[in-house]
Each structure stands twice: as C-alpha cells, then as structure tokens.
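Residues per chain, in single letters:
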Amino acid sequence: MGLCWFLLSFLFHSLYAHNDFFTSIGQMTDLLYTEKDLVTSLKEYIRQEENRLEQVKEWADKLDSLTNTATQDPEGFLGHPVNAFKLMKRLNSEWGDLESLVLKDTTNGFISNLTMQRQYFPTEEDQTGAAKALLRLQDTYQLSANTISNGDLPGVVHKSRMTVADCFELGKIAYSEADYYHTELWMAQALTQLDEGEESTIDKVTVMDYLNYAIYQQGELERALELTKRMLKLDPNHQRANGNLKYFEFQLEKQRKAEAEKEQEDKKSEKKVLNKRDAQRKRSKDPLPERKKYEMLCRGEGVKLTPRRQSRLFCRYFDNNRNPRLLLAPVKMEDEWDRPHIVRYHDIISDSEIKTVKELAKPRLRRATISNPITGVLETAPYRISKSAWLSAYEHPTIEKINQRIEDVTDLEMDTAEELQVANYGVGGQYEPHFDFGRKDEPDAFKELGTGNRIATWLFYMSDVSAGGATVFPDVGAAVWPKKGTAVFWYNLFASGEGDYSTRHAACPVLVGNKWVSNKWIHERGQEFRRPCAVSEME
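Values in this document were obtained by computation on a predicted structure and should not be read as measured data. (Residues numbered from 1 in each chain as written. Predicted model: local features only at pLDDT ≥ 70, side-chain atom pairs only at ≥ 80, totals over all residues. Heavy atoms only, no water.)

**A short note on the side chain of Gln421**
Move 1: Mapping Gln421 onto the fold places it in strand β8 (residues 420-425).
Move 2: Residue Gln421 is classed as buried on the basis of its relative accessible area of 3%.
Move 3: Not counting chain neighbours up to four residues away, the residues in contact with Gln421 comprise Arg384, Ser388, Ala389, Trp390, Val517, Ser518, Asn519 and Trp521. (Helix = DSSP H or I, 4+ residues; strand = E, 2+ residues; numbered from the N terminus. Buried < 20%, exposed > 50% of the residue type's maximum accessible area, 1.4 Å probe, protein only. Contact = heavy atoms within 4.5 Å.)

Here you go:
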C-alpha cells in the first residue's frame, strides 16, 4: 500500500511540474490516467455506499415484518419471554449499531484522493486556452458551431458531442474577451440545442441575455429587438430585457430617420453580416496582416504552384556527391517548392528513433517561447501553442546519429547548430507566421550563441496528423503537409548571407490528431567552406 501511494505521489509531482496542459496533447494524456484513477476511486466509494445501504435495507425489511406481526397482538407477542428480551436488546444496543452504520462515513478515501489530485488539475487558464483553441479552429477551417458541437470533424475516431452547457461556456469565454462574434455563434448554438429539446440546467432566457448583447454590440438592432421580445414572452418581468426593449425601439427609430433610402439600409445591413469576423478582428487589434492568406493555405486553398512550375519539381535518390554513409542507402528526396527551394526527405527517421526522441523529450516538455524582438527576453505568446524540449547529442546515441544524418544530407556543419528541438502541439496547436532567422532590425538575435544567423532549417515530422497541422509559407503560397518519418529542409539565408524573406512560415492549427515535430536550426559559423558566400545579394 505504501509503495502504491509513493508511486501515485511521484506521478502527481511529475504532473505538477507541468503547467499549460492545453499547449501539449502529449502531456494532456497524463490527465486521462489521472481521471481514470479518480473514476476507480469513485466507483469504490459507490460500492461501499451500496453495501452500507444494503445492510440498512436488510435491517429495515426484517424489522418491518417483525413489527407488523408484533403490533397485531402486542401483549401476546411480549408474553413470550424471548420476544421481550429481544425487544430490550434491539432498542438498547442494536438500534445504536444501526445508527452508527447510517452515520458511517465512506467518503474519506474518495475525498482524500480527490483533494490530493485536485492540486494537479488543469487551471482556469487551461480551460480558457482550450476554448480559444476551438474558436481558432472554427475560424481557420471555416467550421460552423453546429459542426463542432456535433463532433463532425474530418478524421475523428472518438466522436464527442457538445452539450448546451459546453456551448454556453464557450460563448461565455468569448464574451469575457469582448469577442462578440464568437459569443453570438456559440450562444446561438446553445439556444438551438435548447429549442431542439435538449435538457440542461442552463435556461433559454440566460442564453438569450448573452446572445442579445452580442448581437447589439455588432450593430444589429433589429435582431436584438426581436430577441428581446422573445425573452419577454418567456420572462415578462426580466428587468434588463424591459429596459432594452425601450432602448432598442428608440435607437431603431433614430436609425431609420437618419437613413436616406431603404436600399442603402439593406446594403449596410448585408455588409455588416458579411464582415462580422473582420469587424471583430479590428476590435481585437489582430496583429497578423496576412491572416486570411495564412488560413486559406491551412485549409489547402490558394496554393500558387502553377503546372509549369510543378513540372520542374522532381523526386530522386540522393547520395550528396557520393557521401560514404549514403552510397549504399541514398535518401529519397522530393522537391516540394521551387522558390524558396523546399525539399522533403522520405523515410529519413525510423519509428524506433521517433519513439526514443519522444521518450527523451516528454518529461522535459515546457511551454514554447518566442524571443521578444524589443527586449530579447524569452516569453510565451498566444500565437505559439506548443511545448518543446531540447536534446543534446551527448545525451543519447540516437540523437548523435540523427545529427550526423542531417550533416550527411545537407553537407552543413552540425557543431555550431542548435540542439535538436522537439515540439508537441496542444489543442488547436499552432505557430503563426514568423521568420526563423534574425532580421536586420534584430541585430542582437542569437548574439549569445556566437554562431551567426540561422542559415537553414531542418524539420522532422514525427507523427501523421489526421486533419490540419500543415507548414505553410504565406508569402509564396506554399503548403507542406505532415507525414511521419519525413523531413523538410530549406535555407533561410541566401548564399550572400542576406535573409530570404519568402521563408516566412507558420505551423497551422492542428484540427484533429497529435502533432510531434523536431527541428534543427543550423547556423552560419562553420559553413564558410561548405556553402561559400556569394557576391550577388539575392544569390
């Protein structure tokens, strides 16, 4: 028993070392085992309670029969000395035993287990992060609230439907962020499910109250007025709805008088409906100018590779000028894009190597950070939802072997490269458009490393992804999809040392599945003779 508690304690101390659960699917799996243990504990409590109640029931049934018989002829019944003795005994001691049985507390084991584990539960930040991830997936992949609520996502194995309470909670989180666009979508979905007859502790008037405000905030006075009237039919004494009714009627009248023609009013109304999300982006001051292009590429739309350019891309066996380690087993190389030149290497990392890398990385996964372009300080960011860990060659022969393989294929020096970074993406995990190399306005980027700028990026895909999770290059319209066991490679700098701005790229949100990648950032120092500097700036 002591060993059992020690192991449980170790497990939860390990869990406690992790936070931001929502940023890593790999670490979220630990929570499933935590919940399973709680369910086991709960079922044991139920078993003990059922056993206790069964004993009470047996006692009650026995006495019910006995007292029914005894009260038909009390004196005759007690005329039997054994019956008299047993009555005294029951009332003096046995009813006391029953009282103890009824008052017996069987909750201690379950409550103590729950209390111990609760401190390692996800936080409010995790729940909010997971909710925002759903909203991000909804926008990126243009999914309706109904589609998500019904669990109708591509490639799903374990379909799960959202309840009215789930939809309401999602709408409330959007509301707390002043995101009235998503508040409307999810409150409307909650109301639809209530109208369809789903039972819930959330009532229609409460949902309508949020929905009404979200619609009003987006400038749709007529819809807000209609919903207010519907609310008052359900609750004629609703104070806020009665106040809103007068206010909306006044504002609508004022609006109608100000509008010159009915046709113009219709056009404005239509424009507001079509541009609701754009209006929300403006309200929230979205910092990403190429968001539409980025999201289109994530959906597989807008890829700009023409048939003519496609005809110039080839597959080949590659031994890198007869490298001794590649002569007998040349790698399978495929051109993914021409400018910038992005290549994919197939079967470049084995399943057993992937397993080793993941096992080494998982205990160390921490929320991925970005370098603040102004302060240079590493910090978390809402546009990078993943956890990462760094693995050195000296830690395990597999890492050393992987580094050597990258050097053999690219012919670039690995001694000055950064350690192998392993990343696992969380719920809706993504990394919005960014550059891997330091720009001219970031003169101190990588200064502490003393190895120059990031000349190239090597990216392993260590899992297949059921839906989403592509690597996209918005400026050129390129999209590369994850395929387990492959790696993609591109140069971030021209041979002249100038940055190639067309390599700005992003990791699309993971819609369904678990995305594991690892990457190697290769630096300038050590490449002087391996990739000589060119004279032309763009060469």
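**Here's the deal with the environment of Asp436**
Move 1: Inspection of the secondary structure puts Asp436 in the loop between β9 (431-434) and β10 (454-461).
Move 2: Sequence spacing of Asp436 and Tyr491 is 55 residues, and the spatial spacing of their C-alpha atoms is 10.0 Å.
Move 3: Each residue touching Asp436, except ones within four places of it in the same chain, is listed here: Phe446, Arg454, Thr457, Trp490, Asn492, His505 and Trp521.
Move 4: Of the polar contacts made by the side chain of Asp436, one reaches the side chain of His505; its length is 3.4 Å.
Move 5: In this structure the side chain of Asp436 is engaged in a polar contact, spanning 3.0 Å, whose partner is the side chain of Trp521. (Polar contact = N/O pair within 3.5 Å; in protein donor to acceptor, adjacent residues only side chain to side chain.)

**Let's talk about helix α5 (residues 108-118)**
Move 1: Considered for burial, the residues of α5 that qualify are Phe110, Asn113, Leu114 and Gln117. Looking down the long axis of α5, one finds its buried residues gathered within 100 degrees of arc, a one-sided arrangement. (Arc of directions from axis to C-beta.)

**So, unusual backbone geometry**
Move 1: Between Arg339 and Pro340 the backbone carries a cis peptide bond, its omega angle lying at 0 degrees.
Move 2: If you trace the backbone, Pro340 turns up in the loop between β2 (331-337) and β3 (342-346).
Move 3: In this structure, Arg322 is a non-glycine residue whose phi angle is positive, near 60 degrees.
Move 4: For Arg322, a relative accessible area of 59% corresponds to the exposed category.

**Observations regarding the UniProt feature "repeat: TPR" (unreviewed entry) in the chain**
Move 1: On the UniProt side, "repeat: TPR" (unreviewed entry) is annotated at positions that read residues 205-238 here.
Move 2: Between the end C-alpha atoms of residues 205-238 there is a gap of 9 Å, over a span that is 79% helix and 0% strand. (UniProt positions renumbered as here; feature names shortened; annotations may be inferred.)

**Some thoughts on the sheet that holds strand β7 (residues 386-391)**
Move 1: Taken in spatial order, the nine strands of this open sheet run β1-β2-β3-β14-β10-β17-β8-β7-β4, and their pairing is antiparallel. The sheet is open, and its two borders are formed by β1 (315-318) and β4 (366-367), each paired with just one other strand.
Move 2: Summarising the sheet, β2 and β3 pair through five bridges and their orientation is antiparallel. Bridge pairing in β3 links Lys332 to His346. (Pairing = 2+ DSSP bridges.)

**A look at the packing of helix α6 (residues 124-140) against helix α9 (residues 180-195)**
Move 1: In contact at an axis separation of 12 Å, α6 and α9 are set at 95 degrees when each is read in the N-to-C sense. As far as their axial angle goes, α9 and α6 are roughly perpendicular. Contact residues: Leu135, Gln138 and Asp139 in α6; Tyr181, His182, Leu185 and Trp186 in α9.
Move 2: Partitioned by chemical class, the residues of the contact of α6 with α9 number four nonpolar, two polar and one charged. (Axes fitted to C-alpha atoms, helices over the stretch in contact; angles between N-to-C directions. Parallel < 35°, antiparallel > 145°, perpendicular 65-115°, else oblique. Nonpolar A, V, L, I, M, F, W, Y, C, P; charged D, E, K, R; others polar.)

**Brief notes about the confidence of the model for the chain**
Move 1: A residue-level look at the chain finds 89% of positions with pLDDT of 70 or above and a mean pLDDT of 87.
Move 2: Between residues 1-17, whose pLDDT stays under 50, and residues either more than four places distant or in other chains, the model counts 14 contacts. (pLDDT = per-residue confidence, 0-100.)

**Quick notes on the packing of helix α10 (residues 204-217) against helix α11 (residues 221-234)**
Move 1: Two elements in contact, α10 and α11, have axes separated by 9 Å at closest approach and are oriented at 165 degrees. With respect to α11, the axis of α10 lies roughly antiparallel. Considering only the axes of α10 and α11, their crossing is left-handed. Taking contact as the criterion, the partners of Lys204, Val205, Met208, Asp209, Leu211, Asn212, Ile215 and Tyr216 in α10 are, on α11, Leu221, Arg223, Ala224, Leu227, Thr228, Arg230, Met231 and Leu234.
Move 2: Of the residues assigned to the contact of α10 with α11, the class counts are ten nonpolar, two polar and four charged. (Left-handed = near helix turned anticlockwise from the far one by under 90°.)

**Quick word on the pattern of salt bridges**
Move 1: In this structure the tally under the stated criterion is 33 salt bridges.
Move 2: For Lys132, the salt bridge is made with Glu177, and the minimal N-O distance between the two is 3.4 Å. Of the two residues, Lys132 sits in helix α6 while Glu177 sits in the loop between α8 (164-176) and α9, which places them 45 residues apart along the sequence.
Move 3: Given a relative accessible area of 35%, Lys132 falls into the partly exposed group.
Move 4: With a relative accessible area of 44%, Glu177 lands in the partly exposed category.
Move 5: One salt bridge connects Glu432 with Arg291, and the closest N-O pair in it is separated by 3.2 Å. Of this pair, Glu432 sits in strand β9 while Arg291 is found in helix α15 (residues 291-298), placing the two residues 141 residues apart along the sequence. Here Glu432 matches Arg291 in class, with each residue buried.
Move 6: If you follow the salt bridges from partner to partner, you end up with Glu184, Glu220, Arg223 and Lys276 in one network. (Salt bridge = Lys/Arg side-chain N within 4 Å of Asp/Glu carboxyl O.)

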